[in-house]
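What the coordinates show
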Amino acid sequence: MLRRWQVPVLAVLAAVAIACEGAGEAAPEPSKSARSSPASSRYPSSMAALGDSITAGLGSCLAFVACGRNSWSTGAGRAVESHYRRILDENPKIKGNADNFAEPGAEADALAGQADRAVDAKAQYVTILIGANDACAGRVENMTAVRTFRQEIDRGLSRLKKGLPKSRVLMVSIPDLYRLWEVGSRDEDAARVWSDGRICPSMLAAPTSKAAADEERRRAVRDRIDAYNEQLRKACKAYGKRCRWDGGRAHEVRFTLDLVNEIDYFHPNAEGQNELADVVYPGRFTY
C-alpha cells in the first residue's frame, strides 16, 4: 500500500491506467429471473467504496496503477466477483450506480472527505477498508496513534450516518501484513522488492533480517494493526444496526504470494481481490 509520498508516481502511469480500465469487459446483464425477483428490493440500488489502494484495485491489472474494474467492492470487470456484480445479479437497479472513492495512499483522516462524496452520490451501500497506510509509516514511531485513528474513523462514520441514515455500511478489517511478511520474506523476488524500503517500510524494510530490533519493529506494526481493527469493530458497533463488521474475516485471509501482484508483492492481484470480495460479502442485505 502506498504512502502519500509515493502517490505522484501514479501520475506518470495515468495513460496506462486509462487503457487498463478500458480493457475490462462490462458486467453481464442480470438474468430474467433476477429482474423479476421480489427479493431484489432487499438489495441496494447504489453503492460507494471508501478506502485506500486495495479498494482502488492498485496493481490488479496489467500495470502498477489503480484499476477500479478489479476492485473487490465496486468492480465491474469479469475477473472479480465483486460486491457490485453480486448485487447486480439480485437487483438490476444498481447497474451503473457504483462509485469508487478509494484513493491510493489514503489514511484514516481521508475517510470523512470520502464519506462526503458517498453522501453526495446517495449511496445505499457503503464499503470501508482503510487503515493499513496508518501503520505503513516510514518508521514505527510515525504510525497513527490508536486514539487519533479512532477519532478519524468516527468522524467519517458521523458524516455517513448524518447524510445517509438509512444506508448500510460494511466495515472491513485490515489485512494481516505480518502474515504477508512471513510468507514473502522467504521468497527471493519479494524480499528483493521490499528491501528498497518503498513498500510499507515499517513492516517490510530489511525483510530477511533476524535482528532483534527488526523483529520488534514488525511485532509493533502487527500489534498496531490489531489495535486498529479493534477500534474499527467498536466504531461500527457504536454506529448502530446499519453498520456490519466483517468479523475480522479480511484480516484472517491467509494471503499467499499468488494472491498479490508481482510488482510490489503487496497489493492483491485479481485473484486476491476476488478472495477479499468473497470472504467479506454480507450475503442478504437484511441489516
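Residues numbered from 1 in each chain as written. Predicted model: local features only at pLDDT ≥ 70, side-chain atom pairs only at ≥ 80, totals over all residues. Heavy atoms only, no water.

**Describing the state of the cysteines**
Taken as a whole, this structure holds three disulfides when the rule is applied. Linked covalently through their sulfurs, Cys 61 and Cys 67 form a disulfide whose S-S length is 1.6 Å. No difference in accessibility class separates Cys 61 from Cys 67, as the two residues are buried. Here Cys 236 engages in a disulfide with Cys 243; their sulfurs sit 2.1 Å apart. Its S-S torsion of approximately -120° makes the covalent link between Cys 236 and Cys 243 left-handed. Assigned by exposure class, Cys 236 and Cys 243 land together as buried. (Disulfide = S-S within 2.5 Å. Buried < 20%, exposed > 50% of the residue type's maximum accessible area, 1.4 Å probe, protein only.)

**Here's the deal with the packing of aromatic side chains**
Summed over the entire model, instances satisfying the criterion amount to six aromatic pairs. With a centroid separation of 6.4 Å and an interplanar angle of 25°, the aromatic rings of Phe 285 and Tyr 287 are classed as stacked. The same class applies to Phe 285 as to Tyr 287, namely buried. Cluster of aromatic residues (ring-pair linked, three or more members): Tyr 43, Tyr 125, Tyr 281, Phe 285 and Tyr 287. Here Arg 86 stacks its cationic end above the ring of Tyr 281, 5.3 Å away from the centre of that ring. Sitting above the plane of the Tyr 239 ring, Lys 161 keeps its charged end 5.3 Å from the centroid. (Phe/Tyr/Trp six-rings, centres within 6.5 Å; stacked < 30°, edge-to-face > 60°. Lys NZ or Arg CZ within 6 Å of the ring centre and 35° of its normal.)

**Focus on helix 5 (residues 83-90)**
Here helix 5 lies mainly inside the structure; six of its eight residues are buried. Within helix 5, the full set of buried residues consists of His 83, Tyr 84, Arg 85, Arg 86, Ile 87 and Leu 88. Looking at the packing, one finds that the buried side of helix 5 touches strand 1 (47-51), strand 2 (98-100), strand 3 (125-129), strand 4 (168-171) and helix 14 (270-280). (Helix = DSSP H or I, 4+ residues; strand = E, 2+ residues; numbered from the N terminus. Contact = heavy atoms within 4.5 Å.)

**Brief notes about unusual backbone geometry**
At Lys 122, a position not held by glycine, the phi torsion is positive, near 55°. Structurally, Lys 122 is set in the loop between helix 6 (111-120) and strand 3. One non-glycine residue, Tyr 265, lies in the positive phi region at around 50°. Within the element layout of this structure, Tyr 265 appears in the loop between helix 13 (249-252) and helix 14. Note on Tyr 265: relative accessible area 10%, which makes it buried.

**Some words on the environment of Ala 115**
Position of Ala 115 among the secondary structure elements: in helix 6. The sequence separation of Ala 115 and Leu 157 amounts to 42 residues, and the corresponding C-alpha distance is 7.5 Å. Apart from residues no more than four positions distant in its own chain, Ala 115 is found in contact with Leu 50, Gly 156, Arg 159 and Leu 160.

**Considering the pattern of salt bridges**
Inspection of every chain in the model, using the stated rule, returns 13 salt bridges. Residue Asp 196 is joined to Arg 198 by a salt bridge in which the shortest nitrogen-to-oxygen separation is 3.0 Å. The residue Glu 215 makes a salt bridge to Arg 218 at a minimum N-O spacing of 3.5 Å. In this pair, Glu 215 and Arg 218 both sit in helix 12 (residues 212-239), three residues apart, roughly one turn of the helix. Arg 218 matches Glu 215 in its accessibility class, with the two residues each being buried. Taken together, the salt bridges that share partners define one network made up of Glu 230, Arg 233 and Lys 234. (Salt bridge = Lys/Arg side-chain N within 4 Å of Asp/Glu carboxyl O.)

**Focus: the environment of Gly 248**
Tracing the backbone through its elements, the reader meets Gly 248 in the loop between strand 5 (243-245) and helix 13. Since its relative accessible area comes to 12%, Gly 248 is described here as buried. Taking the C-alpha atoms as reference points, Gly 248 and Leu 232, separated by 16 residues in sequence, lie 9.9 Å from one another.

**Concerning the packing of helix 8 (residues 146-163) against helix 12**
At a closest axis distance of 10 Å, the pairing of helix 8 and helix 12 adopts a crossing angle of 30°. Taken together, the axis directions place helix 8 and helix 12 in an arrangement best described as roughly parallel. Considering how the two elements wind past one another, helix 8 and helix 12 form a crossing that is right-handed. Facing helix 8, whose interface residues are Val 146, Phe 149, Arg 150, Ile 153, Asp 154, Leu 157, Leu 160 and Lys 161, helix 12 presents Arg 224, Ala 227, Tyr 228, Gln 231, Leu 232, Lys 234, Ala 235, Cys 236, Ala 238 and Tyr 239. Across the contact of helix 8 with helix 12, the residue classes tally to 12 nonpolar, one polar and five charged. (Axes fitted to C-alpha atoms, helices over the stretch in contact; angles between N-to-C directions. Parallel < 35°, antiparallel > 145°, perpendicular 65-115°, else oblique. Left-handed = near helix turned anticlockwise from the far one by under 90°. Nonpolar A, V, L, I, M, F, W, Y, C, P; charged D, E, K, R; others polar.)

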